[in-house]
Each structure stands twice: as structure tokens, then as C-alpha cells.
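The primary structure of each chain is shown beneath.
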Amino acid sequence: MIITFAEIDGFKNLSGISFAPDKKYNIIVGENAQGKTNLLEAMWILSGCKSFRGSKEKDYINLYGNRMSAKIKVLDSVREQKIEFDMIKNANKNIVLNGVKQKGTRAIFDVFKCIAFIPDDVEIIKGSPEKRRNFIDMASSQLNPAFVANINKSNVIINQRNALLKLILQNKAKADSLEIWDRQASVVGAEISYMRYGYIKKINEICGKLYNTISGGNELLELEYKSNVYRLSDFDVPIGNDAIEKYYNKMRESADYDIRTGTTHTGVNRDDVIIKINGVSAKDYGSQGQIKSTALVMKMAQAEIFMKKSKDAPVVFLDDVMGELDENRQKFIFDIIRNMQVFLTTPNESAILPEIKGKILRIHGGKLI
Ligand SMILES: Nc1ncnc2c1ncn2[C@@H]1O[C@H](COP(=O)(O)OP(=O)(O)OP(=O)(O)O)[C@@H](O)[C@H]1O
Ligand SMILES: [Mg+2]
């Protein structure tokens, strides 16, 4: 899919932006702090996902302004659709799809798919397990939006359970009232575990192949799901009542400890993904270059899985990542994303491969010049 038109005003420092992107390459050039990343972010939020750099929604509005609006037209293999997102200070956001006001982000999530590469992606490898869970969950949600509902449901259950644990600790609730939450948690939790396992297995295969290429055939990258409940061999059997029962029993086992500490220690909220290069943990032993390449390869694999599933390739946002890569790695990336529309930012045009020709968008003080 491609963005055919974008109009942004009042989003952070951006004002009066209106342009028709190139079908292929769009190179956003400007000095530091001029609005390059903001421009990617303003388009990104129209996918219905939270900001890729963790901005809060209230901060979408210019500090000195009262409203923001972002609109794009997206063309896929079937039709062109228009997505609008606007917000007035201290009021709710408005999401409008093809002129029809939407209740939530679900509808636009299905309409506009994009993938962003940002320098912070190395945190997927270096950061806390939560970063890895978020990556997997976000990537599998793009394939199957039903997954988002499971994640949200699980978060609600865990929050309620944690609140109850605190009440039990203060003798304001009975310990046996926990059980109904454990029942609910196991149904959703088993579902999430099996989905995470399936996605990691898929992404592992592609990552292995891509990393082998990027490292000149010298290094082996492996990803493995570390479930808090299941052993890997458990996933050989399709999900069923046994899997749910196993999850439930594990939750019951830690119930006493959970009550004493006031928090839930068992379940998908404790999952991780083990990432190894040549058999050892990339997080603990990887060099900066290896970690950067791993993050890149994981995102590339996400794009490839998505491509296989859908006729429509996602739009790719590359924030400040090209300048840091040598020529070979840039070529490698552009080879994988050759069929996708790309928006990339750089303070330095000459750091981009000369064969990447497209529309140059110069930005200064939040305006296109
Ligand atoms: N809510 C806001 N209101 C007004 N300005 C904001 C808001 N949030 C961020 N900014 C400003 O937007 C400017 C541009 O930020 P952006 O991150 O897009 O820069 P950039 O061009 O990507 O720079 P760099 O090359 O350093 O990454 C910054 O000066 C930032 O302080
Ligand atoms: Mg930036």
C-alpha cells in the first residue's frame, strides 16, 4: 500500500504540511530538531498504533497550540481510503475513516499498515523483556487483529488480579476470590502463549536467513520463545483444555507468593524471547554492530512475514537509521523493502545510497520548504 496524500497541522512542531508522496522513496531532509521524526510520527499514528517513540497523545498537540490534525489517503490493491485524526486540547480525539467517525482505532488499524525502524529499536534486544513482548505482540497483531483483543483482555485481568491481591493482603478480601481471575487468566493466557510461540517460530526462520546474509554467512541468529508457563515441547500439541489447565495450575501454585508480594508472578506478563548469536545471548554478549543488525533483521522479518500474508506491503518508515549503516547493509535493507513505499529521514543527504532517488522533502522549523 502507499500513502498518496498527507496533510498535517498542529502536530508537535509541524504546521501547514501538505504533500503528495512519491510512490517509492521519500527522503525527509533537515537539520536536527526541525520535525523530521515528527513527520513520520504524524503519519504513523494514522495506523491506529501508539506513537513509535512512546509520546503521549496529549503531547501530539503543539505546546502553544490548541488543536492538531493529521490526514492521509492510503491506496491499497482495492481502493483509496482517507484517514483523519484530529484532537482539540483537553478533549477526546476524533478518528474519521472515509468521512465516517469511528469509535476507536480498530477500523483504521485494518486500513493502514506500516513498519517503523528507529534508532531505539536496539532496545528490543538490549532492553527489558517487556520490550521484546511488545515487539512480538505488535507484530502478530498486524497479522491478526484478534490478538490485540486478547492482549487487552489479559492486561485487564492481570490488573484486576493485582488489585485483588492487595486487598487480600490487607484482609479486605478473601484469598479464594482469586480463583475466578486465575480461570479467566488461563484461558486468555494460553491463547497468547500459543500465538507468541507461533509468531516467534515464524520470525526465527526468517531472521536466521536474513542475518546469515547480513553477516556474510558467518553468524547464526536464533530467537526462542521463553514462556513462563510452558516448555517448548508443550507447543507440539495444539492448544486445548490441557494447555489451559496447565496454565491454571501454574497460577494456582504461585497464588500464595503472589498474595504476599501483591503482584502476579506467573503468566504471559513474565514471558521473554531469548535472542542468541552463535549460541550466546545477544543481550549479554552482542557487539553494538551485532545488536543493531539484529534489531534491523527482526524488523525486516516482520515486514517479510507481513508481505507473505497480505497482498499489500506495509509502508516503511526509516528514522535516522541509514546514516549509521555501511553501504552493504543499506543495500541489503533496500533489497528487502524494494516493493514498499519508504519514508526515510536524515540530517545528511549524502549518507544515503546514491541509487535511492525519489522525492526530497526539506523540513525546517516544522514546515516543508
Ligand atoms: N508538543 C510539541 N509542541 C511543539 N514542539 C514540539 C512538541 N514536541 C516536540 N516538539 C519539538 O519538535 C521539534 C522537532 O522534533 P523532531 O524529533 O521531529 O526533530 P528531528 O528533525 O527528527 O531531529 P533529529 O535530527 O535531532 O532527530 C523539536 O524541537 C521538539 O522540541
Ligand atoms: Mg529525529
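Trainee: Run through the packing of helix 4 (residues 129-143) against helix 10 (residues 288-309), naming residues and quoting values.
Mentor: In contact at an axis separation of 10 Å, helix 4 and helix 10 are set at 15° when each is read in the N-to-C sense. Here helix 4 is positioned roughly parallel relative to helix 10, judged by the angle of their axes. In the crossing of helix 4 with helix 10, the sense of the turn from one axis to the other is right-handed. Every residue of helix 10 that contacts helix 4 at Ala139, Gln142 and Leu143 is listed here: Gln302, Ile305, Phe306 and Lys309. Across the contact of helix 4 with helix 10, the residue classes tally to four nonpolar, two polar and one charged.

Trainee: Could you give me a rundown of the nonpolar core, with the residues and numbers involved?
Mentor: Judged by nonpolar contacts, the single largest core of 95 residues is most densely connected at Leu46, Ala116, Cys207, Val297, Val316 and Phe317. For this core, the element with the most residues is helix 6 (residues 179-214), which contributes 13 residues. Split by domain, this core shows at least three residues from each of two domains, domain 1 (2-113 + 310-368) and domain 2 (124-284). Contact partners of Val297, with chain neighbours within four places excluded, come to Cys207, Leu210, Tyr211, Ile214 and Leu221.

Trainee: Give a detailed account of the packing of helix 4 against helix 5 (residues 146-169), specifying residues and quantitative values.
Mentor: For the pair helix 4 and helix 5, interaxial distance at closest approach is 7 Å and the crossing angle is 140°. By the angle class used here, helix 4 and helix 5 are oblique. Counted together, Asp137, Ser140 and Ser141 of helix 4 and Phe147, Val148 and Ile151 of helix 5 form the full contact between these two elements. Residues belonging to the contact of helix 4 with helix 5 are distributed by class as follows: three nonpolar, two polar and one charged.

Trainee: I'd like a rundown of the domain arrangement of the protein chain, residues and numbers included.
Mentor: Domain annotation for the protein chain reports domain 1 (2-113 + 310-368) and domain 2 (124-284). For domain 1 and domain 2, the distance between their C-alpha centroids amounts to 31 Å. The partner domain 2 presents four residues to the five residues of domain 1 that form the contact. A breakdown of the residues in the side of domain 1 that touches domain 2 according to their chemical character gives two nonpolar, no polar and three charged.

Trainee: Break down the sheet that holds strand 7 (residues 100-102) for me, with residues and values.
Mentor: Spatial strand order, 2-1-4-5-6-7: six strands in an open sheet with antiparallel pairing. Looking along the sheet, the strands with just one partner apiece sit at the ends: strand 2 (17-19) and strand 7. Neighbour-to-neighbour, the strand axes of the sheet open up by a mean angle of 20°, direction not taken into account. In the sheet, strand 6 (residues 93-97) pairs with strand 7 via three bridges, with the strands oriented antiparallel. Directly across from Ile95, in strand 7, lies its bridge partner Gln102. Of the strands in this sheet, strand 1 (2-9), strand 2 and strand 4 (67-75) touch helix 1 (residues 36-44), which is tilted by about 110° from strand 1.

Trainee: Which residues make up the sheet that holds strand 9 (residues 221-226), and what values go with them?
Mentor: Reading across from one edge, 9-10-11 is the order of the three strands in this open sheet, with antiparallel pairing throughout. Looking along the sheet, the strands with just one partner apiece sit at the ends: strand 9 and strand 11 (280-281). Both strand 9 and strand 10 (residues 272-277) contribute to a ladder of six bridges, which runs antiparallel. From the neighbouring strand, Glu222 faces strand 10, where its bridge partner is Lys276.

Trainee: So what about helix 5? Which residues, and what values?
Mentor: Between its first and last C-alpha atoms helix 5 spans 35 Å; for 24 residues at 1.5 Å apiece the expected length is 34 Å, and the two agree. Restricting attention to buried positions, one finds in helix 5 the residues Phe147, Asn150, Ile151, Ser154, Ile157, Arg161, Leu164 and Leu165. Contact partners of the buried residues in helix 5: helix 4, helix 6 and helix 8 (255-261). Remark: Asn171 follows helix 5 within two positions and exhibits a positive phi of approximately 60°.

Trainee: Explain unusual backbone geometry residue by residue, including any values.
Mentor: Located in the positive-phi region is Lys12, a residue other than glycine, with phi close to 50°. Take Lys12: it is sitting in the loop between strand 1 and strand 2. Classification of Lys12 by C-beta neighbours within 10 Å gives buried; the count is 21. The phi dihedral of Asn278 is positive, around 45°, even though this residue is not glycine. The residue Asn278 is located in the loop between strand 10 and strand 11 in this model.

Trainee: Quick one: what's the story with helix 1, residue by residue and with numbers?
Mentor: Most of helix 1 is tucked away, with nine of its nine residues classed as buried. Of the residues making up helix 1, those classed as buried are Lys36, Thr37, Asn38, Leu39, Leu40, Glu41, Ala42, Met43 and Trp44.

Trainee: Tell me about the environment of Met322, and name the residues and values.
Mentor: With respect to the element layout, Met322 can be found in the loop between strand 12 (315-319) and helix 11 (327-336). We classify Met322 as buried; it has 21 C-beta atoms within 10 Å. A sequence separation of 164 residues divides Met322 from Ile158, and the C-alpha atoms of the two residues are 40 Å apart. Apart from residues lying up to four places away in sequence, Met322 is in contact with Gln330, Leu344, Thr346, Ala351 and Ile352.

Basis of the calculations
Residues numbered from 1 in each chain as written. Chains lettered and ligands numbered in written order. Predicted model: local features only at pLDDT ≥ 70, side-chain atom pairs only at ≥ 80, totals over all residues. Axes fitted to C-alpha atoms, helices over the stretch in contact; angles between N-to-C directions. Helix = DSSP H or I, 4+ residues; strand = E, 2+ residues; numbered from the N terminus. Parallel < 35°, antiparallel > 145°, perpendicular 65-115°, else oblique. Left-handed = near helix turned anticlockwise from the far one by under 90°. Contact = placed C-beta atoms within 7 Å. Nonpolar A, V, L, I, M, F, W, Y, C, P; charged D, E, K, R; others polar. Core = buried A, V, L, I, M, F, W, Y, C linked by C-beta atoms within 7 Å. Buried ≥ 20, exposed ≤ 12 C-beta atoms within 10 Å, placed from the backbone. Domains from an automatic or database assignment. Pairing = 2+ DSSP bridges. Expected span 1.5 Å × (residues − 1).

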